Amino acid sequence: YVHTVDVSIAPEDWELLLADPLEKEKFQADVTIDGETITQVSFATKGNYSLLFVADREDSDRYSYRINFGKFVDDQTYHGLDKLSLNNQFSDATYMRDYICYRMFRQLEVDAPLTSYVWRTVNGEDRGLYMAVEDMDKGHLKRVYGGEGVIYKPEPKDIDLTPDSLQVFMETGENPQAQAQAQLDSIAFVEQMAAMAMDSVKRAEGVAGNASAVQVK
């Protein structure tokens with residue numbers, strides 16, 4: 001099913017956004033999803049390499065975007081979602097890779113964001129097919145874990161999980177113990193995620209084995 005997402009934004013703000021997408025400035029807008037309007041949301045470009053890739057092209061302005069429902073209105077959500085990403089799938093011509101992967105994760109009982117295809121318009125003008133992805137934020141934490149737990153967000157330009165870098169943090173960083181502990185917590189989290197992934201692979205192999213056995217019979 002393809003949902004509809006129409007963004008209503010002041011024309012001058014839309015021009016500013018397209019003129020400087022790398023700024024990721026948050027503009028106030030209204031968004032209508034399948035006929036239901038949510039007012040005073042934040043609308044901004046998102047991404048790192050994908051954003052640079054599109055910004056460097058002269059023949060495209062198909063950026064990915066993030067909608068923050070509670071940026072300007074405290075505690076405002078869309079049926080529990082506090083943020084929603086609209087991904088342009090710039091590196092996937094099939095538009096299926098993320099959708100299939102996230103669906104497979106959920107079938108394997110691995111926590112994954114909600115996803116759906118959407119047709120996006122801006123001020124009534126068609127802007128094409130996008131992949132809507134639940135943002136991994138407080139809304140996801142509440143939906144999956146009842147609001148309990150911690151969400152880690154890596155920043156590629158800053159994070160370094162090597163032992164040498166941790167030692168440098170401990171010796172020279174401001175509030176070094178806290179920074180080092182944060183890095184160690186991140187390592188533990190990554191190791192936990194890797195273990196979960198391996199467990200999921202084993203379960204998937206088991207499912208595939210069972211399917212093969214049925215086919216042989």
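Residues numbered from 1 in each chain as written. Predicted model: local features only at pLDDT ≥ 70, side-chain atom pairs only at ≥ 80, totals over all residues. Heavy atoms only, no water.

Student: Which parts of the structure should I look at to understand the overall build of the protein?
Tutor: Summing up its helical and strand segments, the protein has six helices and seven strands in all. Looking at the protein as a whole, 32% of its 217 residues qualify as buried. Looking at the protein as shown, the accessible area adds up to about 13800 Å², and 54% of this sits on carbon and sulfur atoms. (Helix = DSSP H or I, 4+ residues; strand = E, 2+ residues; numbered from the N terminus. Buried < 20%, exposed > 50% of the residue type's maximum accessible area, 1.4 Å probe, protein only. Areas by Shrake-Rupley, 256 points an atom, 1.4 Å probe, with all protein chains shown as cover.)

Student: I tried to follow unusual backbone geometry on my own but got confused; where do I start?
Tutor: One non-glycine residue, Q40, lies in positive phi territory at about 55 degrees. Structurally, Q40 can be placed in strand β3 (residues 36–46). Accessibility expressed as a relative area gives 36% for Q40, which makes it partly exposed. Phi at Y95 takes a positive value of approximately 60 degrees, unusual for a residue other than glycine.

Student: Even after reading the chapter, I still don't get the nonpolar core, so can you show me in this structure?
Tutor: Among soluble globular proteins, nonpolar side chains are generally buried collectively. The biggest cluster of nonpolar side chains holds 26 residues, and the ones touching the most others in it are V31, F43, F69 and L86. In terms of residue count, strand β2 (residues 27–33) provides more of this core than any other element does, four residues in total. Every residue in contact with V31, bar those within four places of it in the chain, is listed here: V5, D6, V7, E36, T37, I38, V41, I67 and F69. (Core = buried A, V, L, I, M, F, W, Y, C linked by side-chain atoms within 4.5 Å. Contact = heavy atoms within 4.5 Å.)

Student: Just checking my understanding: could you explain the packing of aromatic side chains for this structure?
Tutor: Each aromatic ring pair is summarised here by two numbers: the centre-to-centre distance and the angle between the ring planes. The full count for this structure, using the stated rule, is eight aromatic pairs. Here the aromatic rings of W14 and Y65 are separated by 6.2 Å at their centres, their planes lie at 35 degrees, and the arrangement is tilted. One end of the pair, W14, is in helix α1 (residues 11–19); the other, Y65, is in strand β4 (residues 64–68), with 51 residues separating them in the sequence. What makes Y65 buried here is its relative accessible area of 0%. Residues F53 and F90 carry aromatic rings whose centres are separated by 5.0 Å and whose planes lie at 45 degrees to one another, so their mutual orientation is tilted. With F53 in helix α2 (residues 49–55) and F90 in the loop between β5 (83–87) and α3 (97–107), this residue pair connects regions lying 37 residues apart in the sequence. A relative accessible area of 31% means that F53 is categorised as partly exposed. Among the aromatic residues, those joined into a cluster by ring pairs are W14, F43 and Y65. (Phe/Tyr/Trp six-rings, centres within 6.5 Å; stacked < 30°, edge-to-face > 60°.)

Student: For this particular structure, what's the right way to read the pairing of strand β6 (residues 115–122)?
Tutor: Looking down a regular strand, the side chains alternate between one sheet face and the other. A large share of β6 lies buried, amounting to seven of its eight residues. Pairing of strand β1 (residues 2–8) with β6 involves six bridges; the strand directions are parallel. Bridging across to β6, V5 finds its partner in R120. Sheet topology note: the β6/strand β7 (residues 125–134) ladder contains eight bridges and is antiparallel. Across the sheet, residue V122 finds its bridge partner in β7, namely E125. Between the antiparallel neighbours β6 and β7 lie two residues, among them N123 with a positive phi of about 50 degrees. (Pairing = 2+ DSSP bridges.)

Student: What should I look at first to understand the pairing of β3 in this one?
Tutor: Summarising the sheet, β2 and β3 pair through six bridges and their orientation is antiparallel. Across the sheet, residue V31 finds its bridge partner in β3, namely I38. In textbook terms, the turn of a hairpin is the stretch between consecutive antiparallel strands, and for β2 and β3 this stretch comprises two residues, one of which, D34, has a positive phi near 50 degrees. Note: β3 against β4, five bridges, orientation antiparallel. Looking across to β4, one finds that K46 is bridged to S64.

Student: How should I be thinking about the sheet that holds β1 in this particular structure?
Tutor: In a beta sheet, neighbouring strands pair by backbone hydrogen bonds and run either parallel or antiparallel. Strand order around the closed barrel formed by seven strands is β1-β2-β3-β4-β5-β7-β6, with mixed pairing between neighbours. Averaged over all pairs of adjacent strands, the angle between strand axes in this sheet comes to 40 degrees, irrespective of strand direction. Across the face of the sheet, α3 comes into contact with β6 and β7 while running at roughly 145 degrees to β6. (Axes fitted to C-alpha atoms, helices over the stretch in contact; angles between N-to-C directions.)

Student: How do you make sense of the confidence of the model for the protein when you look at a structure like this?
Tutor: Caution applies to low-pLDDT regions: their predicted coordinates should not be interpreted in detail. Averaged over the protein, the pLDDT score is 81; the fraction of residues at 70 or greater is 70%. Low pLDDT, under 50, characterises residues 207–217; the stretch is placed with zero contacts to residues that sit more than four places away or in other chains. (pLDDT = per-residue confidence, 0-100.)

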